[in-house]
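# Survey of secondary and tertiary structure
Spelled out from the first residue to the last, the chains are:
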Amino acid sequence: MSETNFKSLEDTLNKYIPPEELREVKRVLYGRPDDNELKFSEETISLAKDVDIELKGYVFTARKEDLRRPRIVRVAAVQNTVDIPTTAPIHVQRDALHEKVSNILRVAVTAGVNVVCLQEAWTMPFAFCTREKFPWCEFAEDVENGPTTKMLKELAKQYNMVIISPILERDANHHDTIWNTAVVISNNGTYIGKHRKNHIPRVGDFNESTYYFEGDTGHPVFETQFGRIGINICYGRHHPQNWMMFGVNGAEIVFNPSATVGGLSEPLWGIEARNAAIANSFFTVAINRVGTEVFPNEFTSGNGLPAHKDFGPFYGSSYVAAPDGSRTPGLSRDKDGLLVAEIDLNLCRQIKDFWGFQMTQRLPLYAESLAKAIKPDYKPQTVREN
């Protein structure tokens, strides 16, 4: 089967495995034998067809409690291609993406979404592979009053929806420095805050340190009407401590807006966000863009192969994982999509009570060990045979 015909793992499983065996396969692979699909209205289904996106939805339940009411929230992930040529003027590229994502958000509001997260650097092609500063730096904008945030503030208020908007930030207060930043906009249309990407890749075509360095905002958790949320941007998903600190700070949902390609990370994709959900007893939402992006000038990938102009394919496959280890099927590898999950946040505490991972975490032990490990004169605790 060629990669171009491989739409998703789920399509292949459904096509080749008999139904009864498929239930057991899903129980092992996804943590539950049934998908627990979310039913959408005819309006939502019709609108998704009009906008030409894949629409999927799933439900995670929690045990009924006597003292707490269910805390039902609908979260969503948006994955999309960049359709306008990268040679077009910057404002044309950005406006086209504004229009595309605005249309997808129209679908999200009819689906009852409360919190939605867009993909990493969603207002631009992922041009950091080129190592060229111009024109790509022109995509950077102010997080509070830039055109993207202004537009999304209006939609957030109109739709009563928290919107997480990962963009390229221009920090005018600090020498016009650029950052890879996620902006959090309240459902009342106000700016809540931002988080800057903690871990910056220097691997393959991901030459991001040419443009911005590691973030300086720590691990903020944003308390919204619909739960406490954190944002672990892209490469940070490879660092378990990054996920852990959002949990230490009280996150119930951690979004992972990303841009990553099949030849680099696809075998890791379904593991990392799901493992983080298990280890930290919170929900995770893994989001990846789709498509191949072509740039005006050739660039090399540091692998000895010829220079090229294309970057991708980004493989989509966005999914949601729960603290009990179960997860949704993913969106497709090659199509714009909206993934909606109805979750009960009570599950977070229930899983903490059941597994006791946080109770047995022993943070002081590791804090002491790490405090020693970062010192220049540290010697590893290695016992050698005589």
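Every value quoted in this text rests on a predicted model; they were computed, and no experiment measured them.

## Thoughts on the overall build of the protein
Counting secondary structure elements, the protein contains nine helices and 16 strands. By principal-axis analysis of the C-alpha atoms, the protein measures approximately 65 × 55 × 50 Å. Every one of the 386 residues in the protein was classed for burial, and the buried ones make up 52%. A separation of at least 24 residues holds for 69% of the contacts in the protein among residues at least 6 apart in sequence. In the form shown here, the protein has an accessible surface area of approximately 18300 Å², with 52% of it arising from carbon and sulfur atoms.

## Some points on the sheet that holds strand E3 (residues 115–117)
Spatial ordering of the open sheet is given by E1-E16-E2-E3-E4-E5-E6, a layout of seven strands whose pairing is mixed. Edge positions in the sheet fall to strand E1 (54–59) and strand E6 (191–196), since each of these pairs with one other strand and no more. Strand-to-strand twist of the sheet, defined as the mean angle between neighbouring strand axes without regard to direction, takes the value 25°. When E3 meets strand E4 (residues 162–171), the two strands line up parallel, connected through three bridges. For Val115, the partnering residue across the bridge sits in E4 and is Val162. Contacting E4, strand E5 (177–185) and E6, helix H5 (residues 147–159) runs over the sheet at an angle of about 165° to E4.

## Section: the side chain of Thr181
Residue placement: Thr181 occurs in strand E5. A polar contact of 2.6 Å, which involves the side chain of Thr181, links it to the side chain of Glu169.

## Side note on the pairing of strand E10 (residues 227–231)
The buried fraction of E10 amounts to four of the five residues, a majority that puts the element mostly inside the structure. Note: strand E9 (residues 222–224) against E10, three bridges, orientation antiparallel. Bridge assignment links Thr224 to a residue of E10, and that residue is Gly227. Hairpin connection between E9 and E10: a loop of two residues separates the two successive antiparallel strands. Judged from the three bridges that link them, E10 and strand E11 (residues 253–258) form a sheet pairing that is parallel. Bridge assignment links Gly230 to a residue of E11, and that residue is Val254. Remark: the E10/helix H6 (residues 240–248)/E11 crossover connection has right-handed handedness.

## Side note on the UniProt feature "domain: CN hydrolase" (unreviewed entry) in the protein
Per the UniProt entry, the sites bearing "domain: CN hydrolase" (unreviewed entry) are residues 73–345 in this numbering. Note that residues 73–345 is 23% helix and 32% strand, and that its end C-alpha atoms are spaced 7 Å apart.

## A short note on the pattern of salt bridges
One pass over the structure, following the stated rule, counts 24 salt bridges. The salt bridge involving Glu10 is made with Arg327; its shortest N-O contact spans 3.9 Å. Here Glu10 is found in helix H1 (residues 9–16), whereas its partner Arg327 is found in the loop between strand E15 (319–321) and strand E16 (337–344), with 317 residues between them in sequence. With relative accessibility at 8%, the residue Arg327 sits in the buried group.

## Some points on the packing of H1 against helix H2 (residues 19–30)
Packed helices, taken two at a time, are described by the angle their axes make and the gap between the axes. The geometry of H1 relative to H2 is characterised by a closest axis approach of 10 Å and an angle of 155° between their N-to-C directions. With respect to each other, H1 and H2 are oriented roughly antiparallel. You can see that H1 and H2 cross each other, and the crossing is right-handed. Across the interface between the two elements, Leu9, Glu10, Leu13 and Asn14 from H1 touch Leu22, Val25, Lys26, Leu29 and Tyr30 from H2. A class-by-class count of the residues in the contact of H1 with H2 yields six nonpolar, one polar and two charged.

Definitions and limits used
- Residues numbered from 1 in each chain as written.
- Predicted model: local features only at pLDDT ≥ 70, side-chain atom pairs only at ≥ 80, totals over all residues.
- Heavy atoms only, no water.
- Helix = DSSP H or I, 4+ residues; strand = E, 2+ residues; numbered from the N terminus.
- Buried < 20%, exposed > 50% of the residue type's maximum accessible area, 1.4 Å probe, protein only.
- Contact = heavy atoms within 4.5 Å.
- Areas by Shrake-Rupley, 256 points an atom, 1.4 Å probe, with all protein chains shown as cover.
- Pairing = 2+ DSSP bridges.
- Axes fitted to C-alpha atoms, helices over the stretch in contact; angles between N-to-C directions.
- Polar contact = N/O pair within 3.5 Å; in protein donor to acceptor, adjacent residues only side chain to side chain.
- Right-handed = clockwise from strand over helix to strand, strands pointing away.
- UniProt positions renumbered as here; feature names shortened; annotations may be inferred.
- Salt bridge = Lys/Arg side-chain N within 4 Å of Asp/Glu carboxyl O.
- Parallel < 35°, antiparallel > 145°, perpendicular 65-115°, else oblique.
- Left-handed = near helix turned anticlockwise from the far one by under 90°.
- Nonpolar A, V, L, I, M, F, W, Y, C, P; charged D, E, K, R; others polar.

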